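Results of the structural survey
Take a look at the letters that make up each chain.
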Amino acid sequence: MKKFLILGCCFASLQLTAQTKKVSFLEHPNQQKVDVLIDGKPFTSFLYPDNLEKPILYPLQTASGLTVTRGFPLDKRDHERTDHPHHVGLWFNYESVNGLDFWNNSYNIPATKKAGYGWIRNVKVTAVKDGKAKGSLNYTANWERQDKKVLLKEATTFVFSGNDDTRTIDRITTLTAQKDTVYFKDVKDGALGIRVTKELELPSDKEESYTDNKGIVTKIAPTKNGANGDYLTSEGKKGNDAWGTRGNWCVLFGVKETQPVSIAIIDHPKNPGYPTYWHARDYGLFAANPLGQAIFSNGKEHLNLTLKPGESVTFRYRIIIGSGKKQTAELLNKQALDFGKQI
């Protein structure tokens, strides 16, 4: 890969060394929910109810209190898309794990077809730790078939931090194969995903159709909801040109309620498939998929990650949510270098 892109800065940038804020948590075990507070203000909640097919962070808010994730299907908002009900908050899963589709599973799948879908459940919050500059939440979960046979054990740590302008999440997820060899086929839908607010969608004037690996087609109508978002990758790819390209970071930015807002995802050099491919769609799906190489390279590359029983793989990502000031390429390059030295 070529060297990180450095752009001239015509905006005030978010400061890497800005004063950090206290992180605290409110646990609601009966609701299967943990609220994350930064400087006493809501940032996000870790949700793991039994009726949700995966644990998520939802919603995600900026330091100024603006929500940058879509509400549907948990909270319907005016003029917001209601496609892809499996796109909710911030999540991590994959479309093909021993042939089971974990990514597309939702309440919308008929019972007669549910056997073809995986489920991340039996979530247990194992540790929560407040901090003056950062706080952490640990959980475990099972990647299961519908008959509850466990394919993978998951252990995830979230590290939360924030300052006057940003909110940051470091996610470290380790997956360990259990009794069977686990095969991640190279496919399109994976792995770290965020479904964003309507303002961060890219403007569009045409209808699109998307088909999942079970043949289910979803049609996306032209944008008429105030979308003004745009992508930029570390390699200089912008807009729809970001999709299916590699980069060690990608940022989605736009304006909501007259305020600049942004979401950046930073890959880690130790991740499989680094630098990741970006599954970055104009209709509001923003995802990093390092495992879909055959799809994004048109068959020139293959990964097909395989874990034998007892083997593990770890994925590390940093998510930075900005408000008020622009996340510049220069700043994100610094963040990428900093993150790459950690964990």
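Note: the structure precedes this text.
Note that this is a predicted model, so its numbers are computed, not measured.

A closer look at the overall build of the protein chain
Of regular secondary structure, the protein chain possesses two helices and 20 strands. In terms of C-alpha radius of gyration, the protein chain reaches 19 Å, essentially the compact-globule figure of 20 Å for 343 residues. If you line up the protein chain on its principal axes, its C-alpha atoms span 55 × 45 × 40 Å. Looking at the protein chain as a whole, 57% of its 343 residues qualify as buried. In the protein chain, the proportion of contacts linking residues at least 24 apart, taken out of those at least 6 apart, comes to 62%. Carbon together with sulfur atoms contributes 49% to the accessible area of the protein chain, which is approximately 14,400 Å² in total. In the protein chain, 47 positive and 37 negative side-chain charges are present, and the distance between their average locations comes to 3 Å.

A look at unusual backbone geometry
For the bond from Gly 190 to Ala 191, the omega torsion is -15 degrees, close enough to zero to count as cis. With respect to the secondary-structure elements, Ala 191 resides in strand β11 (residues 190-195). Looking along the chain, the bond that leaves Tyr 274 and enters Pro 275 is cis, with omega of -10 degrees. Secondary-structure assignment places Pro 275 in the loop between β16 (259-266) and β17 (277-280). The backbone phi angle of Gln 32 is positive, close to 50 degrees, even though this residue is not glycine. Turning to its location among the elements, Gln 32 is positioned in the loop between β1 (23-28) and β2 (33-38).

Some thoughts on the sheet that holds strand β7 (residues 135-144)
Pairing within the open sheet is antiparallel, and its eight strands lie in the order β6-β7-β8-β9-β20-β16-β15-β14. The open sheet is flanked by β6 (119-129) and β14 (230-233), the only strands paired with a single partner. Taken over all neighbouring pairs, the strand axes of this sheet differ in orientation by 20 degrees on average, direction set aside. With eight bridges connecting them, strand β15 (residues 249-256) and β16 associate as antiparallel partners. Across the sheet, residue Val 251 finds its bridge partner in β16, namely Ala 264.

Thoughts on the pairing of β6
Across eight bridges, the pairing between β6 and β7 is antiparallel. Following the sheet pairing, Val 128 is matched in β7 by Leu 137.

Reading guide: rules and limits
- Residues numbered from 1 in each chain as written.
- Predicted model: local features only at pLDDT ≥ 70, side-chain atom pairs only at ≥ 80, totals over all residues.
- Heavy atoms only, no water.
- Helix = DSSP H or I, 4+ residues; strand = E, 2+ residues; numbered from the N terminus.
- Rg over C-alpha atoms; globule rule 2.2 N^0.38 Å.
- Buried < 20%, exposed > 50% of the residue type's maximum accessible area, 1.4 Å probe, protein only.
- Contact = heavy atoms within 4.5 Å.
- Areas by Shrake-Rupley, 256 points an atom, 1.4 Å probe, with all protein chains shown as cover.
- Lys, Arg positive; Asp, Glu negative; His and termini not counted.
- Charge placed at Lys NZ, Arg CZ, Asp CG, Glu CD.
- Pairing = 2+ DSSP bridges.
- Axes fitted to C-alpha atoms, helices over the stretch in contact; angles between N-to-C directions.

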